[in-house]
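Listed here are the chains, written in short residue letters.
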Amino acid sequence: QVQLVESGGGLVQAGGSLRLSCADSGRTFSNYAMGWFRQAPGKEREFVAAVNWSGGSTYYADSVKGRVTISRINGKNTVYLQMNSLKPEDTAVYYCAARGGSYIYTRQSDYSSWGQGTQVTVSS
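These numbers were taken from a predicted model, which means no experiment stands behind them.

A. Representation of the overall build of the protein within the structure. Within the protein, the regular secondary structure consists of 0 helices and 11 strands. Expected size for 124 residues packed as a compact globule is a radius of gyration near 14 Å; at 13 Å, the protein falls within 12% of this value. Once the C-alpha set of the protein is aligned to its principal axes, its extents read approximately 40 × 25 × 25 Å. Scored against the burial criterion, the 124 residues of the protein give a buried share of 42%. For the protein, long-range pairs separated by at least 24 residues make up 60% of all intrachain contacts whose partners lie at least 6 apart in sequence. On the protein, roughly 6300 Å² of surface is accessible, and the fraction owed to carbon and sulfur atoms is 44%. For the protein, the centre of its 12 positive side-chain charges and the centre of its 8 negative side-chain charges are spaced 5 Å apart.

Written as structure tokens, this is what we have:
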């Protein structure tokens, strides 16, 4: 099982940008599908973006489509979430997740490995 560590969160103004990173602190996740989820206070954890193991296919939630890009560099065991035009409603703890498989996965239950989360706060 991979060991995931997120970084890059912080406080930004509305309209600003952040790039979140997820690194494997243990075994490589080059052969894993990856996803990003977020959870705001009092809210259910929701899907944000996903990428397949090759990096050739991506999928985004409607709430972030056009503002977010997920990418991966398997050789460096790193996956990124580039977030632009941030809004206050993007404020949440962001988690990366991994699982074996050749497809794109969008459900929390699809993933078996999770990072500890990184806080993103967008001020207005």
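B. How the structure looks around the packing of aromatic side chains. Counted under the stated rule, the structure contains 6 aromatic pairs. When the centroid spacing of 6.1 Å and the interplanar angle of 35 degrees are considered together, the rings of Phe47 and Tyr59 count as tilted. With Phe47 in strand β5 (residues 46–51) and Tyr59 in strand β6 (residues 58–60), the pair connects residues that are 12 residues apart, well separated along the chain. Through a chain of ring-to-ring contacts, the aromatic side chains of Phe37, Phe47, Tyr59, Tyr105, Tyr111 and Trp114 assemble into a single cluster. Over the ring of Tyr95 we find Arg45; its NZ or CZ atom is 3.9 Å from the centre of that ring.

C. Highlighting the side chain of Arg67. In this fold, Arg67 is placed in the loop between β6 and β7 (68–73). For Arg67, a relative accessible area of 11% corresponds to the buried category. Among the polar contacts made by the side chain of Arg67, one reaches the side chain of Asp90 at a distance of 2.8 Å. Residues within four places of Arg67 in sequence aside, it is in contact with Gln82, Met83, Asn84, Ser85, Leu86, Lys87 and Asp90.

D. Here's a closer look at the state of the cysteines. Applying the stated criterion to the full structure yields 1 disulfide. Here Cys22 pairs with Cys96 through a disulfide, and the sulfurs are 2.0 Å apart. What sets the handedness of the Cys22 and Cys96 disulfide is the S-S torsion sign, and at about 55 degrees it is right-handed. Placement of Cys22 in strand β3 (residues 18–24) and of Cys96 in strand β9 (residues 92–100) is noted, with a sequence separation of 74 residues between them.

E. View of the environment of Val122. Residue placement: Val122 occurs in strand β11 (residues 118–123). In this structure Val122 comes out as buried when scored by relative accessible area, which is 5%. C-alpha separation for the pair Val122 and Glu89, spaced 33 residues apart in sequence, amounts to 7.6 Å. Here Val122 is in contact with Val12, Gln13, Ala14, Leu86, Lys87, Pro88, Asp90 and Thr91, once residues within four sequence places are set aside.

F. View of the pattern of salt bridges. Scanning the model with the defined rule gives 3 salt bridges in all. Here Glu46 makes a salt bridge to Arg38, at a shortest N to O gap of 2.7 Å. Among the ionic pairs, Arg38 bridges to Asp90, the shortest N-O distance being 2.9 Å. Remark: Asp90 occurs in the loop between β8 (78–83) and β9 and Arg38 occurs in strand β4 (residues 32–39); sequence separation between them is 52 residues.

About the thresholds
- Residues numbered from 1 in each chain as written.
- Predicted model: local features only at pLDDT ≥ 70, side-chain atom pairs only at ≥ 80, totals over all residues.
- Heavy atoms only, no water.
- Helix = DSSP H or I, 4+ residues; strand = E, 2+ residues; numbered from the N terminus.
- Rg over C-alpha atoms; globule rule 2.2 N^0.38 Å.
- Buried < 20%, exposed > 50% of the residue type's maximum accessible area, 1.4 Å probe, protein only.
- Contact = heavy atoms within 4.5 Å.
- Areas by Shrake-Rupley, 256 points an atom, 1.4 Å probe, with all protein chains shown as cover.
- Lys, Arg positive; Asp, Glu negative; His and termini not counted.
- Charge placed at Lys NZ, Arg CZ, Asp CG, Glu CD.
- Phe/Tyr/Trp six-rings, centres within 6.5 Å; stacked < 30°, edge-to-face > 60°.
- Lys NZ or Arg CZ within 6 Å of the ring centre and 35° of its normal.
- Polar contact = N/O pair within 3.5 Å; in protein donor to acceptor, adjacent residues only side chain to side chain.
- Disulfide = S-S within 2.5 Å.
- Salt bridge = Lys/Arg side-chain N within 4 Å of Asp/Glu carboxyl O.

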